Amino acid sequence: MGVLEKLGLLKMDFLGLSNLTVLALALGNINRNRADKPLTVQDIPLEDEPTYAMLGRGETVGVFQLESGGMRRNIMALRPQNVRELAAMVALYRPGPLKHIARFVDNKHGRQKPEYLHPVMEPILEETYGIIVYQDQVLKLVQAMAGFSLGKADILRRAMGKKDEAIMTGMRAEFIAGCQEREISEKVAAAVWELLLPFAGYAFNKAHAVCYAMLAHQTAYLKAHYPVEYMAALLAAYRDKEDRVTVFIDECRRRKIGVLPPDIHSSFVDFTIETKGKQQAIRFGLAAIKGVGEGLVNAIIKEREEGEFTHLYDFCLRLRPHGLNRGSLEALARAGTLDSLHDSRHTILDNLDGALVWADQKIRQRQEAQDSLFGGDEQMELDRPPHLPPGRKATREEILSMEKDVMGIYISDHPLRGYERLIGAKSQFTVARIREMEGEVKVTIAGAMSRIRTNMTKKGKMARGVLQDFTGAIEFVVFPGALERLQDSLVADRAVVLKGFARTDDRNQDSEMQLIVNDIEVLPEPESLGEDEGGLTMFVKLNRATRAQLRAIHDVVREHPGDYEVLIQVAGANSAPVAIMERVAATEKVIEGLRQAAPVEVEIYNDLGLAELPAGTTEPEPDLVEVG
C-alpha cells in the first residue's frame, strides 16, 4: 500500500456493516404494522430523551458500537445527551485515547475543569471537553501551534501512526521550533508533542466517528421505541451466530418480550412478530433449525395455506415430495415444531420412520394409479393414518437438550433459569467480560456446560467444552492432570462454577479467550436452595473500592429503606458477598445513587429470578484501592 500511495493512487476502504441490515429489517418490521406514513431512517430525531435515557441506564445490547461491557460502563458513566458525545466516546474507545475516557467523563459532568497546556488549544478542544479525540484535532493543533501546513501536518500524523522514528525525530525538532517562533515555550511544546503521540496513530477522524455515532443513535432509537420489532430484526440478522442469538433472547426475556418456539403452523423462514390482543411476541423462524433448508421451509408455508396439518402422517405425505427426509423431519420434531400434532414429542420421534414409510407407500399408490373402488381392507388401511398412542411428555431437561442439539441455543427456557441469584454470588466475571480481556487472568465464573468432548494427547486424555451464561458462550479446556479429578463433574447442561484462568487461544485465528479449568463446583438444583437463598435481593458488585465509597453505598441504602436485602461483593477482596443489615427500595433513584457513590454493577433479583430494573456501572477511578 505504501508504494501505491507514493505513486499517487487513491486507496478506498469499503466497510460492510451487519447493523445496516438490522436497521433495514427493523424498519420493515415496523412498517408492516403502520397504516400511516412509513418510518424511514431520516425520520429518526437526533434529540430524543427516551433514547439517551436508555443508553444512560446501560441498556445497550444490540446497539451498534455500544454493547461491549467496557463501552457499556463508559456510556453509563458519560450519560450522553447528543450524537456529538456519542461520537467522542466511539472515538475514545480505542487503544491510544482509552486512558483519557475517565477525564473526558469527569470534565463533561463538571467534576474537573478542562486543562489546556496553552490557550491556543482551547478553541480546538473545547468541543471535546479539553481532550484530544479526533485525528482532525491533531492536524489543527500542529497547524495552530507550530505553523505546519495541512499537508505537513498529515505527514506527521502518518509518521506517528506508523511509528516512523526517522521522520518523527526530524519533525519533532521542527514542531518545537515552530512553537517557539509563536512564543510557545519549549517545555509546553514538548508536553504537547507527547500528548499527541498516542492519538495520532489510533484516533478516528471525526467524520468516521460521527458516522458510527449516527448509526449507534439510530439503532438505539429503534430499540427504545420499537423494542419488539428491533429485537426481531437482530435475531434475524444474526440467526447463524449462536452466541449472539443467546444474548438477544435473554435480552428479550429481560424486557418481557415473549420468544416463541418454531412451529409448522405459525413460523415463517425468519423471525416474525405475532400479536395476540395487545401483546406482541417474536416467533422463531424455521430456517434457524439445523438441517432444514429454506426450500423445505417455503414448501411448508405453501402447503399450510391449503389447510392445516392434521397429523404427523399427513405432514409427511404432503412434504415428502418437497424433499422432506429423515434428518430434516427429526430436526423439526426435536425443535418442537411438530408439538401441535401430538402432545408427546417422544411419540413423534418414535414414529418418524413409520410416518415416512407410510407417506412413500401412499405416494407410490397415487403414482401407480392403483386406487380403486375394489381395494381390499389392506388398501383402505393405507388411506387412514395409523393411530399414534399417548406417550411420555418430554421433561424440561430433555426439551432443552433437543433444542440445543438442533438449533445450537436454548429457546423455551435456559438451564440456568432459577440460578440467577446464585450465579451472581458465585461469579466474579461474565462470559462477555472475559471475552474483552487480554493476557492471562485468574477467573471464577458460573454457567452451564455443553458440547463436552474428550481426546487423547501425548500427556493423556483431556476435555474441551463450552460454558454458557446469560451473556454468551466461551470454550473451556480441562488438561489431563485436572481431568482425573474433574471427570465426574463434566456433564452436559449441568450448572457449575468453573475456577481457573482465562487466556488467549493462540490456535484461534481471532485470538479469542478460552478458560483453562483447574476446579469445578457443581451448583445445587434451584429447588434445593435454602429459604435464605430466595426472596428479594439487590446485588452490588465492585471490582475495587475505597472505604469512603463503601460508606457512601451504605448511606444510599440507609436513606432509601425498602424490601430488598443488599449483598455487596468486592471482587478484589476475593471473599463471599457481605450482607448489609438495612433493606433497600429497588428504584431507579437508588440505582443512580449507588452509581454516583462508587463504580458499581447492580443486579436485582425477585422470586422469579433476575428482574428488569436498571443496572449500572462506571469505570473505576484511577486512584481506587483494593479492599482486603
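Criteria and thresholds
- Residues numbered from 1 in each chain as written.
- Predicted model: local features only at pLDDT ≥ 70, side-chain atom pairs only at ≥ 80, totals over all residues.
- Heavy atoms only, no water.
- Helix = DSSP H or I, 4+ residues; strand = E, 2+ residues; numbered from the N terminus.
- Buried < 20%, exposed > 50% of the residue type's maximum accessible area, 1.4 Å probe, protein only.
- Contact = heavy atoms within 4.5 Å.
- Core = buried A, V, L, I, M, F, W, Y, C linked by side-chain atoms within 4.5 Å.
- Pairing = 2+ DSSP bridges.
- Axes fitted to C-alpha atoms, helices over the stretch in contact; angles between N-to-C directions.
- Patch = residues over 30% accessible without salt bridge, like charges linked within 9 Å, V, L, I, M, F, W, Y side chains within 5 Å.
- Areas by Shrake-Rupley, 256 points an atom, 1.4 Å probe, with all protein chains shown as cover.
- Salt bridge = Lys/Arg side-chain N within 4 Å of Asp/Glu carboxyl O.
- Right-handed = clockwise from strand over helix to strand, strands pointing away.
- Parallel < 35°, antiparallel > 145°, perpendicular 65-115°, else oblique.
- Left-handed = near helix turned anticlockwise from the far one by under 90°.
- Nonpolar A, V, L, I, M, F, W, Y, C, P; charged D, E, K, R; others polar.
- Phe/Tyr/Trp six-rings, centres within 6.5 Å; stacked < 30°, edge-to-face > 60°.
- Lys NZ or Arg CZ within 6 Å of the ring centre and 35° of its normal.
- pLDDT = per-residue confidence, 0-100.

Novice: Explanation requested: the overall build of the chain in the structure shown.
Specialist: Scanning the chain from N- to C-terminus turns up 26 helices and 13 strands. Buried residues in the chain amount to 49% of all 628 residues. By sequence separation, contacts in the chain at least 24 residues apart represent 63% of the contacts at least 6 residues apart.

Novice: Just checking my understanding: could you explain the nonpolar core for this structure?
Specialist: Within the largest apolar cluster, 101 residues are counted, with the highest numbers of intra-cluster contacts made by Leu222, Phe284, Leu312 and Phe315. Phenylalanine 284 has contacts with Val245, Ile249, Val259, Leu260, Pro261, Pro262, Ser267, Asp270, Phe271, Met407, Ile409 and Ile411, leaving out every residue within four places of it along the chain.

Novice: Quick question: what am I supposed to make of the sheet that holds strand β8 (residues 513-522) here?
Specialist: In any sheet, the strands associate via hydrogen bonds between backbone groups, in a parallel or an antiparallel arrangement. Read once around its circumference, the closed barrel built from 5 strands follows the order β4-β5-β6-β8-β7, with strand pairing classed as mixed. Between one strand axis and the next, the sheet turns by 50° as a mean value, whatever way the strands run. Pairing between strand β5 (residues 460-469) and strand β6 (residues 472-478): 7 bridges, direction antiparallel. Across the sheet, alanine 463 pairs through a bridge with valine 478, a residue of β6.

Novice: What should I look at first to understand a nonpolar patch on the surface in this one?
Specialist: On the surface, Val3, Leu4, Leu7 and Leu9 cluster together into a nonpolar patch covering about 410 Å² of accessible area. Positionally, leucine 9 belongs in the loop between α1 (2-6) and α2 (18-31).

Novice: Would you take a moment to explain the pattern of salt bridges for this structure?
Specialist: Charged atoms that come close allow side chains of opposite charge to pair. Evaluated as defined, the whole model comprises 31 salt bridges. The residue arginine 182 makes a salt bridge to glutamate 181 at a minimum N-O spacing of 3.9 Å. Linked through salt bridges whose partners overlap, the residues forming this network are Arg57, Glu59 and Arg255.

Novice: What exactly am I supposed to notice about the pairing of strand β10 (residues 561-570) here?
Specialist: On any regular strand, side chains alternate: one points to one face of the sheet, the next to the other face. Across the 10 residues that make up β10, a large majority, 7, are buried. Alignment of strand β9 (residues 537-542) against β10, held across 6 bridges, turns out to be parallel. Each bridged residue has a counterpart across the sheet, and for lysine 541 the counterpart in β10 is glutamine 569. Taken together, β9, helix α25 (residues 547-559) and β10 form a β-α-β motif whose crossover is right-handed.

Novice: Looking at this model, I keep getting lost on the packing of α25 against helix α26 (residues 588-597). Mind explaining?
Specialist: Geometry of a packed helix pair, given as the angle between the helix axes and the separation of the axes. Two numbers describe how α25 lies on α26: the axes approach to 9 Å, and their chain directions differ by 165°. If you check the angle between α25 and α26, you find them roughly antiparallel. Relative to α26, the crossing made by α25 is right-handed. Along its contact with α25, which presents Gln549, Ala552, Ile553 and Val556, the element α26 presents Val590, Gly593, Leu594 and Ala597. For the contact of α25 with α26, the class distribution of residues is 6 nonpolar, 2 polar and no charged.

Novice: Looking at this model, I keep getting lost on the environment of lysine 256. Mind explaining?
Specialist: Structurally, lysine 256 can be placed in the loop between α14 (242-254) and β1 (258-260). For lysine 256 and valine 228, which are 28 residues apart along the polypeptide, the C-alpha to C-alpha distance reads 9.8 Å.

Novice: Whenever I open this one, the packing of aromatic side chains confuses me. Can you help?
Specialist: Scanning all chains against the criterion turns up 9 aromatic pairs. Pairing phenylalanine 64 with tyrosine 212 gives two aromatic rings, centres 5.1 Å apart and planes at 80°, and the pair type is edge-to-face. Of this pair, phenylalanine 64 sits in the loop between α3 (49-56) and α4 (69-78) while tyrosine 212 sits in helix α12 (residues 206-225), and the two are 148 residues apart along the sequence. No difference in accessibility class separates phenylalanine 64 from tyrosine 212, as the two residues are buried. Residues tyrosine 313 and tryptophan 358 carry aromatic rings whose centres are separated by 5.6 Å and whose planes lie at 90° to one another, so their mutual orientation is edge-to-face. Residue tyrosine 313 is located in helix α16 (residues 312-319), and its partner tryptophan 358 is located in helix α19 (residues 352-368); the two are separated by 45 residues in the primary sequence. For tyrosine 313, a relative accessible area of 4% corresponds to the buried category. These aromatic residues form a ring-pair network of at least three members: Phe64, Phe204 and Tyr212. When the ring centre of phenylalanine 148 is taken as origin, the NZ or CZ atom of lysine 152, which lies over that ring, is 5.4 Å away. Over the face of the ring belonging to tyrosine 238 we find arginine 244, whose NZ or CZ atom lies 5.7 Å from the ring centre.

Novice: Would you mind showing me how to read the packing of α16 against α19 here?
Specialist: For the pair α16 and α19, interaxial distance at closest approach is 8 Å and the crossing angle is 50°. The angle between α16 and α19 falls in the class oblique. Every pair of crossing elements has a handedness; the one defined by α16 and α19 is right-handed. Counted together, Leu312, Tyr313, Cys316 and Leu317 of α16 and Leu352, Gly354, Ala355, Leu356, Trp358, Ala359, Lys362, Ile363 and Arg366 of α19 form the full contact between these two elements. A per-class count over the contact of α16 with α19 returns 10 nonpolar, 1 polar and 2 charged.

Novice: What am I meant to see in the environment of isoleucine 399 here?
Specialist: With respect to the helices and strands, the residue isoleucine 399 is situated in helix α21 (residues 396-407). Remark: the alpha-carbon pair of isoleucine 399 and alanine 335, spanning 64 residues in sequence, is separated by 8.2 Å.

Novice: Just checking my understanding: could you explain unusual backbone geometry for this structure?
Specialist: The phi torsion of most residues other than glycine is negative, and most of the peptide bonds are trans. A positive phi angle, close to 50°, is found at arginine 79, a residue other than glycine. Its location among the elements puts arginine 79 in the loop between α4 and α5 (83-92). You will see that tyrosine 129, though not glycine, has its phi angle at about 55°, which is positive. Along the polypeptide, tyrosine 129 turns up in the loop between α7 (122-125) and α8 (135-146). Residue tyrosine 129 is classed as buried on the basis of its relative accessible area of 17%.

Novice: Looking at this structure, how should I read the confidence of the model for the chain?
Specialist: Any segment with low pLDDT has predicted coordinates that should not be analysed in fine detail. Here the chain averages 84 in pLDDT, while 89% of its residues score no lower than 70. Scored below 50 in pLDDT, residues 528-534 makes 6 contacts in the model with residues more than four places away or belonging to other chains. With pLDDT under 50 throughout, residues 614-628 is counted as low confidence; its partners more than four residues away or in other chains account for 49 contacts.

Novice: I would appreciate a short explanation of the side chain of aspartate 106 in the present structure.
Specialist: As for its placement among the helices and strands, aspartate 106 is situated in helix α6 (residues 101-108). Under the relative-accessibility criterion, aspartate 106 is labelled buried at 18%. Apart from the residues lying within four places of it in its own chain, the contact partners of aspartate 106 are Arg111 and Gln112.

Novice: It is not clear to me how the pairing of strand β2 (residues 272-276) should be interpreted in this structure. Could you clarify?
Specialist: Here β2 pairs with strand β3 (residues 279-283) via 5 bridges, running antiparallel. Of the residues in β3, the one forming a bridge with glutamate 274 is alanine 281. Between β2 and β3, which follow one another and run antiparallel, lie 2 residues, and glycine 277 among them has a positive phi close to 70°.

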